[in-house]
Amino acid sequence: MNYSVSLLHGDGIGPEVVRAAQEVIAATGVAIDWKPCQAGAECYAKTGESLPEETLDSIRSHQVALKGPTATASGVGFRSVNVQLRQALDMYANFRPARSIPGIRSRYENVDVLVIRENTEGLYSGLEHTVVPGVVESLRVITEKATRRIVKFAFQIALDHQQSLIHI
């Protein structure tokens, strides 16, 4: 069975990182039909859009994408591709586990932490404007709806994985 995956090469080192990731994936033997898409600063220079609707449609259609790092040029007039992707695809939960590895010395032992952060609001709202030259103001929007959603998500993850919650 072949899997279709949207492929966003990115900017700068993005294409190099994506090629390396593709090699690793190919080594697994999983058959992938890569569907190239445009996004980032190079795309913006060519088309006037940093994240074209066709790219979003491809990701929605295939339900999976491999994305390289993309540039967000300051003062050029386009929002971060990452922020646009999070908002357009409603990728609201940032899920970051951190665990100690037995046998590997580290500063702390027995670490088992899972950080879950809301990924579409706060400073990720993408609402910025120049106040005066050299000064940009970023609005931090936090809604009750998004807060409740991420809290419910975090508690469900804790229940599903039977992890204890840290009380501060």
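Refer to the preceding data block for the structure.
Residues numbered from 1 in each chain as written. Predicted model: local features only at pLDDT ≥ 70, side-chain atom pairs only at ≥ 80, totals over all residues. Heavy atoms only, no water.

Describing unusual backbone geometry
Which entries qualify depends on this criterion: The numbering of helices and of strands both runs from the N terminus, where a helix is a DSSP run of H or I of at least 4 residues and a strand a run of E of at least 2. Under the scheme applied here, a residue whose accessible area is under 20% of the maximum for its type counts as buried, over 50% as exposed, and between as partly exposed, the area being computed with a 1.4 Å probe on protein chains only.
Although it is not a glycine, Gln63 adopts a positive phi angle of roughly 65°. Relative to the helices and strands, Gln63 resides in the loop between helix H3 (53–62) and strand E3 (65–67). For Asn110, which is not glycine, the phi dihedral falls at a positive 55°. By the secondary structure assignment, Asn110 is in the loop between strand E4 (93–99) and strand E5 (112–118). On the accessibility criterion, Asn110 (72% relative accessible area) is exposed.

Comments concerning the nonpolar core
What counts is decided by this rule: The definition of a nonpolar core used throughout is a set of buried Ala, Val, Leu, Ile, Met, Phe, Trp, Tyr and Cys residues joined through side-chain atoms within 4.5 Å. It only takes one pair of heavy atoms within 4.5 Å for two residues to be counted as in contact.
Core analysis: the largest hydrophobic core is formed by eight residues, namely Leu8, Cys37, Ala39, Leu51, Leu56, Ile59, Val81 and Leu85. Breaking this core down by element, the ones donating at least two residues are H3 and helix H4 (81–88). Once residues lying within four places of it in the same chain are set aside, the contact partners of Leu51 are Ala39, Leu56, Val81, Gln84 and Leu85.

So, the sheet that holds strand E1 (residues 2–8)
Worth spelling out the cut-off: Strands qualify as paired when DSSP identifies two bridges or more between them. Axes, fitted as lines to C-alpha atoms, cover a helix only where it is in contact. Angles between the N-to-C directions of the axes lie from 0 to 180 degrees.
One open sheet holds the three strands; their spatial order is E2-E1-E3, and the pairing between them is parallel. The open sheet has two edge strands with one neighbour each: strand E2 (31–37) and E3. Adjacent strand axes in the sheet meet at a mean angle of 30° when their direction is disregarded.

Here's the deal with the environment of Ala45
Looking at the secondary structure, you find Ala45 in helix H2 (residues 41–47). On the basis of relative accessibility, which here comes to 67%, the residue Ala45 falls in the exposed class. For the pair formed by Ala45 and Tyr92, sequence separation is 47 residues and the distance between their alpha carbons is 28 Å.

Focus on helix H1 (residues 14–27)
Using the following cut-off: By definition here, a helix of n residues has an expected span of 1.5 Å times n minus one. Directions are taken from the helix axis to each C-beta atom, and the arc is the one they span.
A rise of 1.5 Å per residue sets the reference length of H1, with its 14 residues, at 20 Å; its end C-alpha atoms lie 20 Å apart and thus fit the reference within 8%. When H1 is considered as a whole, its buried residues turn out to be Gly14, Val18 and Gln22. For H1, the angular spread of the buried residues around the axis is 70°, confining them to a single face. Turned more than 90 degrees away from the buried face of H1 sit Glu16, Glu23, Val24 and Ala27, all of them exposed. Buried residues along H1 sit against E1, E2 and E3.

Here we look at the packing of aromatic side chains
Worth spelling out the cut-off: Working definition: rings of Phe, Tyr and Trp (its six-membered ring) pair if their centres are within 6.5 Å, and the pair is stacked with planes under 30 degrees apart, edge-to-face with planes over 60 apart, and tilted otherwise.
Evaluation of the coordinates by the stated rule reveals two aromatic pairs. Ring geometry for Tyr92 against Phe153: centres 5.8 Å apart, planes inclined by 75°, an arrangement best described as edge-to-face. One end of the pair, Tyr92, is in the loop between H4 and E4; the other, Phe153, is in helix H5 (residues 144–161), and 61 residues separate them in sequence. Tyr92 sits in the buried class, given a relative accessible area of 19%. Residue Phe153 is classed as partly exposed on the basis of its relative accessible area of 23%. Ring plane angle 80° and centroid distance 6.4 Å describe the contact between Phe95 and Phe153, whose orientation is recorded as edge-to-face. Residue Phe95 is found in strand E4, and its partner Phe153 is found in helix H5; the two are separated by 58 residues along the sequence. When its relative accessible area of 37% is taken as the criterion, Phe95 is described as partly exposed. What links up through ring pairs into an aromatic cluster is the set Tyr92, Phe95 and Phe153.

Treat this as a map of the structure, not an account of what it does.
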